[in-house]
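One letter stands for each residue in the lines below.
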Amino acid sequence: MAHIFFDHISTTPLDPRVFEEMKPYFLEWYGNPSSHIHDQGQAALKAVDAARTRVAGLIHARPQEIVFTSGATEANNLAIKGAAEAYEKRGRHIVVSEVEHFSVMNALLPLRNRGYEVTPLKVDSDGKADPEDVRRAIRPDTILVSVMHANSEIGTIEPVAEIGRIAREREVLFHTDATASAGHIPLDVEAAGADLVTLSAHNFYGPKGVGALYVREGVRLASQIDGGFQERGFRAGTENVPGIAGMGAAAAIAKEEMAPWAGKLRRLGKRLWDGIGATVSHLHFTGHPVDRLPGHVSFWVEYAEGESLLLFLNVHGVMAASGSACSSNLRGRDEEDLVASPVLRAIGVPSDICTGSITFSLGKGNTEEEVDSVLRVLPVIAKRLWEMSPTYLDYQKQKVQGGG
Amino acid sequence: MAGPYSAKVMDHFMNPRNVGEIENADGVGEVGNPACGDMMRLYVKVEEGRISDAKFRTFGCGAAIASSSMLTEMIKGKTVDEARAITNRHVADALDGLPPVKIHCSVMAEEAVKAALDDYARKHPG
Ligand code: FES
């Protein structure tokens, strides 16, 4: 059966070159970077430092500004809670876009309970935040603005440079979650005016279980994990040396190859976008049509429910996402966990079809043939679901009556 | 490919039984799930107190479609009272279970039967 992976926004396959660079740090060089007095520890420390330089290079940062974490969720928690606690004396007000990932939104909950105030930033129907809204939302007691670089669910790229400039003018920290974008589109921490940037290795062909937070020199953060003095005291715990080496390798490769990847993905994405638009009726694309991640195509189909579309796609060997990867949580405890996507609600998609969105996110390994086979099966699947749908039947009857 | 659903659910999802509508049905029940916007419409034909035919249309997730399909199989041939006694648990069990987060989807099936039989009772008083 076909095996078409169009869900790169949830994770990407490890690049074999990255795997090769990780290998020595499992069996051969298993040292602890903190024990660098001997050769084993020295080798580990060197690996971590080299990776730090490479990851910094991806976003035009300095190596000492990179803090390795267990992934983007931890990095977002460290950025939000760490900054809130470190700057508590200055104020307790935070501004965030309403389309942030759960790891930003939920990191705010305990802060709210402790009396912090959060101003949500509205987005327009393409999912974009307005920098002028940021200017209006900032108050004397604002300490942090957090707006993601690109949205994983609808692909929209946010105007981070403008937002960063406004935050800097007002002397407020600016955090951007670049989980979905890093390694895929250029990000320069200077140009973006960012003080804190979240990165995830497995979203750019690196390993899972490792991420990083860029922390601009001079920015203070309260550590969220108590222990030793690793990562300049920002993050205690023995470093995940093979993972970090892998993240470094992935960053170096992405920096080199990002432009050709993006070119290819834009081409494939356009083919998919145009093809779907032409062959599937009652289809609505989501996110910004131009300012979006390369190879990212998201939409919802009237009269067809998202999970059913995904199940049928999977039967045809096509793997995609509905809502955000976390909100279609079939392993949830009860129906409380079955939430309509907050991102789709934010862009004004009616709530009864919020479960109906599909995200195709292409990767560097995908081919034109794969796009074409998705274009062949999707209209068939949609038709099948429509024929089962009571609302589609009503629509058809109305059409006949209206036309006759 | 195992997926989150049982083989039975997938079978009923991919090959749903009794999709469609019944012209001049004796009872029609339409129920929706406000939590997710999903919707099910059930048509029944009743002859001499027994459900002789049942058809459905559902807009919903895999569990909702499979529950609808299974339900129509279960009620066919049953008396009105027997059909009324069917609960979402029965439907879910007949499907070899549903993930906890998807139990409410089978509730829609239970409610649809009740709604269709209420409609039948209204149309055929006494
Ligand atoms: S999720 Fe709505 S009925 Fe299953």
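Parameters and conventions
Residues numbered from 1 in each chain as written. Chains lettered and ligands numbered in written order. Predicted model: local features only at pLDDT ≥ 70, side-chain atom pairs only at ≥ 80, totals over all residues. Heavy atoms only, no water. Helix = DSSP H or I, 4+ residues; strand = E, 2+ residues; numbered from the N terminus. Contact = heavy atoms within 4.5 Å. Areas by Shrake-Rupley, 256 points an atom, 1.4 Å probe, with all protein chains shown as cover. Lys, Arg positive; Asp, Glu negative; His and termini not counted. Charge placed at Lys NZ, Arg CZ, Asp CG, Glu CD. 1 Å grid on protein atoms, 1.4 Å probe; cavity = no way out; pocket = protein on both sides within 12 Å on 5 of 7 lines; lining within 4 Å. Points joined across faces, edges and corners; volume = space filled by probe spheres on them. Nonpolar A, V, L, I, M, F, W, Y, C, P; charged D, E, K, R; others polar. Domains from an automatic or database assignment. Pairing = 2+ DSSP bridges. Axes fitted to C-alpha atoms, helices over the stretch in contact; angles between N-to-C directions. Buried < 20%, exposed > 50% of the residue type's maximum accessible area, 1.4 Å probe, protein only. Buried area = accessible area lost by both parts, 1.4 Å probe. Salt bridge = Lys/Arg side-chain N within 4 Å of Asp/Glu carboxyl O. Polar contact = N/O pair within 3.5 Å; in protein donor to acceptor, adjacent residues only side chain to side chain. Core = buried A, V, L, I, M, F, W, Y, C linked by side-chain atoms within 4.5 Å. Phe/Tyr/Trp six-rings, centres within 6.5 Å; stacked < 30°, edge-to-face > 60°. Lys NZ or Arg CZ within 6 Å of the ring centre and 35° of its normal.

Would you mind showing me how to read the overall build of chain B here?
The number of helices and strands found in chain B is five helices and three strands. Along chain B, from the amino end to the carboxyl end, the secondary structure elements read α-β-β-β-α-α-α-α. Here the contacts in chain B between residues at least 6 apart in sequence split such that 61% fall between residues at least 24 apart. Only carbon and sulfur atoms are counted for the fraction: they give 50% of the accessible area of chain B, which is about 5100 Å². Charge centroids of chain B, computed over 15 positive and 18 negative side chains, lie 2 Å from each other.

Could you clarify how one ought to interpret empty space enclosed by the protein in this entry?
If a probe as big as a water molecule is rolled over the atoms, it shows which places are left empty. All names here are of chain A. This structure, assessed with the given rule, holds one cavity of 30 Å³ or more. Roughly 130 Å³ of volume is contained in the largest cavity. Looking at the lining of the largest cavity, its residues break down into seven nonpolar, nine polar and no charged. Lining the lining of the largest cavity are residues from two domains, each supplying at least three of them: domain 1 (4-8 + 260-401) and domain 2 (16-255).

I would appreciate a short explanation of the sheet that holds strand S1 (residues 27-33) of chain B in the present structure.
Paired through their backbone hydrogen bonds, the strands of a sheet run either parallel or antiparallel. Residue and element names in this part refer to chain B. Reading across the sheet, the three strands line up as S1-S2-S3 and stay open at both edges, with antiparallel pairing between neighbours. Every interior strand has two partners, whereas the edge strands, S1 and strand S3 (50-59), have only one. Averaged over all neighbouring strand pairs, the angle between strand axes comes to 15 degrees, with direction disregarded. By the bridge criterion, nine bridges tie strand S2 (residues 38-47) to S3 in an arrangement that is antiparallel. Among the inter-strand pairings, Glu47 is bridged to a residue of S3, identified as Arg50. Contacts from helix H2 (residues 62-75) reach S2 and S3 within the one sheet, and its direction differs from that of S3 by about 175 degrees. Those strands touched by helix H5 (residues 103-123) are S1, S2 and S3, and its axis lies near 150 degrees from that of S1.

Explain the side chain of His282 of chain A to me, please; I cannot follow it from the model alone.
Its place among the elements puts His282 of chain A in the loop between helix H8 (241-279) and strand S9 (283-285). Once residues within four sequence positions are removed from consideration, His282 of chain A is found in contact with Trp300, Val301, Glu302, Tyr303, Trp386, Tyr392 and Tyr395 of chain A.

Sorry if this is basic, but what is going on with the environment of Arg84 of chain B here?
Residues and elements named next belong to chain B. Here Arg84 lies in helix H3 (residues 80-84). Overall, the relative accessible area of 28% leaves Arg84 in the partly exposed class. Each C-alpha atom of the pair Arg84 and Glu111 lies 9.5 Å from the other, and the pair is 27 residues apart in sequence. With residues near it in sequence (within four places) discarded, Arg84 still touches Lys114, Leu117 and Asp118.

Explain the domain arrangement of chain A to me, please; I cannot follow it from the model alone.
Residue and element names in this part refer to chain A. As far as domains go, chain A holds domain 1 (4-8 + 260-401) and domain 2 (16-255). On the side of domain 2, 28 residues touch domain 1, which itself brings 28 residues to the contact. Taking both partners together, domain 1 and domain 2 bury about 2100 Å²; carbon and sulfur atoms supply 63% of that area. Three residues, Trp261, Leu293 and Val343, lead the burial of domain 1 against domain 2; their summed loss comes to 28% of the area buried on that side. For the interface between domain 1 and domain 2, the tally reads one salt bridge. Asp291 is paired through a salt bridge with Lys128; the nearest N and O atoms lie 2.6 Å apart.

Help me understand the side chain of Ser146 of chain A, please; the structure alone is not making it clear to me.
Secondary-structure assignment places Ser146 of chain A in strand S5 (residues 142-146). Non-local contacts of Ser146 of chain A, meaning those with residues more than four positions away in its chain, are made with Ile80, Val95, Val96, Ser97, Glu100, Val104 and His175 of chain A.

Hey, could you run me through the interface of chain B and chain A in this one?
Interface size is often expressed as the accessible area that is lost when the parts come together. Each side of the interface is counted separately: chain B has 30 residues, and chain A has 30 residues. Carbon and sulfur atoms make up 66% of the surface buried where chain B meets chain A, a total of about 2500 Å² over both sides. Broken down residue by residue, the surface that chain B buries against chain A is led by Arg57, Phe59 and Val101 of chain B, which jointly contribute 26%. At the boundary of chain B and chain A, one finds three salt bridges. A salt bridge links Lys397 of chain A to Glu21 of chain B; the shortest N-O distance between them is 3.2 Å. Taken together, the connections running from chain B to chain A amount to 10 residue pairs in polar contact (both at pLDDT 80 or more). Counting residues per element, the ones that place at least two in the side of chain B that touches chain A are helix H1 (7-14), S2, S3 and H2 of chain B. In terms of residue count, the dominant contributor to the side of chain B that touches chain A is S2 of chain B (four residues). Within the side of chain B that touches chain A, the residues separate by chemical class into 19 nonpolar, six polar and five charged.

What's the story with the sheet that holds S9 of chain A in this structure? I'm lost.
Residues and elements named next belong to chain A. On the basis of which strands lie adjacent, the open sheet formed by four strands has the order S9-S10-S13-S12 and antiparallel pairing. Either end of the sheet is taken by a strand with one partner, and the two such strands are S9 and strand S12 (321-322). Note that strand S10 (residues 296-301) and strand S13 (residues 357-361) share five bridges and pair antiparallel. Bridge assignment links Ser298 to a residue of S13, and that residue is Thr359.

For this particular structure, what's the right way to read the nonpolar core?
Within soluble globular proteins, side chains that are nonpolar generally end up buried alongside one another. Leu272, Ile276 and Phe360 of chain A together with Leu42 and Ile75 of chain B are the most contacted members of the largest nonpolar core, which has 72 residues in total. Ile276 of chain A has contacts with Leu283, Phe285, Val297, Phe299, Phe360, Leu375 and Leu378 of chain A, leaving out every residue within four places of it along the chain. Val18, Phe68, Val95 and Val343 of chain A belong to the second largest nonpolar core, which has 63 residues in total.

Honestly, the packing of aromatic side chains in this entry has me stumped. Any pointers?
Two measures describe an aromatic ring pair: the distance that separates the ring centres and the angle between the ring planes. Residues and elements named next belong to chain A. Applying the stated criterion to the full structure yields 10 aromatic pairs over all chains. With 5.6 Å between their ring centres and 55 degrees between their planes, Phe299 and Phe360 make a pair best called tilted. You can see Phe299 sitting in strand S10 and its partner Phe360 sitting in strand S13, a full 61 residues away along the chain. Grouping residues by exposure puts Phe299 and Phe360 together as buried. By way of ring pairs, the aromatic residues Phe6, Trp273, Phe285, Phe299 and Phe360 are connected into one cluster. Above the face of the Tyr87 ring, Arg220 is positioned so that its terminal group lies 4.4 Å from the ring centre.

I would appreciate a short explanation of the pattern of salt bridges in the present structure.
A side chain with one charge can pair with a side chain of the opposite charge if their charged atoms come near. Residue and element names in this part refer to chain A. Taken as a whole and assessed by the stated rule, the structure comprises 40 salt bridges over all chains. With its nearest N and O atoms 2.9 Å apart, the salt bridge here joins Asp15 to Arg17. Taking the relative accessible area as the measure of exposure, Arg17 reaches 38% and is therefore partly exposed. Here the salt bridges share partners, and the residues they tie into one network are Asp15, Arg17, Glu257 and Lys364.

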